[in-house]
Amino acid sequence: QVQLVESGGGLVQTGGSLRLSCAVSGDTLPIHTLAWFRQAPGKERELVGHIYWRNGSAYVVDSVRGRFTISGDNTQNTLYLQMNYLHLEDTGVYYCAAGDSRSPGYGYWGQGTQVTVSS
């Protein structure tokens, strides 16, 4: 089993920055990918980006590229999402998720952390 706990959410004005963290614990050895997803009010959950845990190769979707950066510290078992130049439409609940060799897709999810961007 893997446990994921997000932190760092909050209220920020447009153009501001936040850094989310996701603490990863449990049986982490089989993990190959960690990801950030978000869900805006009334919308479906969407991928923000992911990182391959062993080599650190990261990807973010077009809508956040140039503003958001995913990174990880696998010695501290922590995933990060640095969010700069936040827009109103970045508001939502942000979740981290883990994919490992034991099941397809993302089998483990955190409880989420709220990010609210105000004008």
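Residues numbered from 1 in each chain as written. Predicted model: local features only at pLDDT ≥ 70, side-chain atom pairs only at ≥ 80, totals over all residues. Heavy atoms only, no water.

### Thoughts on the sheet that holds strand β3 (residues 18-26)
To keep things clear, this is the line we draw: Being paired, for any two strands, means DSSP has found at least two bridges between them. Helix and strand assignments come from DSSP, with helices taken as H or I runs of at least 4 residues and strands as E runs of at least 2, each series counted from the N terminus. Helix axes are fitted to C-alpha atoms over the stretch in contact, other axes to C-alpha atoms as well, and angles between N-to-C directions run from 0 to 180 degrees.
The strand order across the open sheet built from four strands is β1-β3-β8-β7, with neighbouring strands paired in antiparallel fashion. Strand pairing shows two members of the sheet lacking a second neighbour, β1 (2-7) and β7 (68-73), which therefore form its edges. Strand-to-strand twist of the sheet, defined as the mean angle between neighbouring strand axes without regard to direction, takes the value 15 degrees. Here β1 runs beside β3; their pairing, made up of six bridges, is antiparallel. Bridging from a neighbouring strand, Gln3 pairs with Ser25 of β3.

### Quick word on unusual backbone geometry
Counted only if it meets this: Between buried and exposed lies partly exposed: a residue is buried under 20% and exposed over 50% of the maximum accessible area for its type, with that area taken using a 1.4 Å probe on protein chains only.
Positioned with a positive phi, Asn77 is a non-glycine residue whose angle comes to about 50 degrees. Summarising the element assignment, Asn77 is placed in the loop between β7 and β8 (78-83). Overall, the relative accessible area of 22% leaves Asn77 in the partly exposed class. The residue Tyr85 is not glycine, and still its phi comes out positive at about 50 degrees. Looking at the secondary structure, you find Tyr85 in the loop between β8 and β9 (92-100). Relative accessible area serves as the criterion here: at 55%, Tyr85 is assigned to the exposed category.

### Looking at the state of the cysteines
For clarity, the cut-off: In this description, a disulfide is simply a cysteine sulfur pair whose atoms lie within 2.5 Å.
According to the stated counting rule, one finds one disulfide in the structure shown. Note on cysteine connectivity: Cys22 is disulfide-linked to Cys96, with sulfurs 2.0 Å apart. Residues Cys22 and Cys96 share a disulfide whose torsion about the S-S bond is about 50 degrees; that sign makes it right-handed. A residue pair is termed long-range when its members are at least 10 positions apart, and Cys22 in strand β3 and Cys96 in strand β9 qualify at 74 residues. Across this residue pair, the class does not change: Cys22 and Cys96 are buried.

### Looking at the packing of aromatic side chains
Inclusion rule: Note on ring pairs: Phe, Tyr and Trp rings are taken, using the six-membered ring of Trp, and paired if centres are within 6.5 Å. Classes follow the plane angle, with under 30 degrees stacked, over 60 edge-to-face and the rest tilted.
Within the structure shown, the criterion is met by three aromatic pairs. Look at Phe37 and Trp109: their rings are 4.8 Å apart centre to centre, the planes differ by 55 degrees, and that puts the pair in the tilted class. Of this pair, Phe37 sits in strand β4 (residues 31-39) while Trp109 is found in strand β10 (residues 108-109), placing the two residues 72 residues apart along the sequence. For Trp109, a relative accessible area of 34% translates into the label partly exposed.

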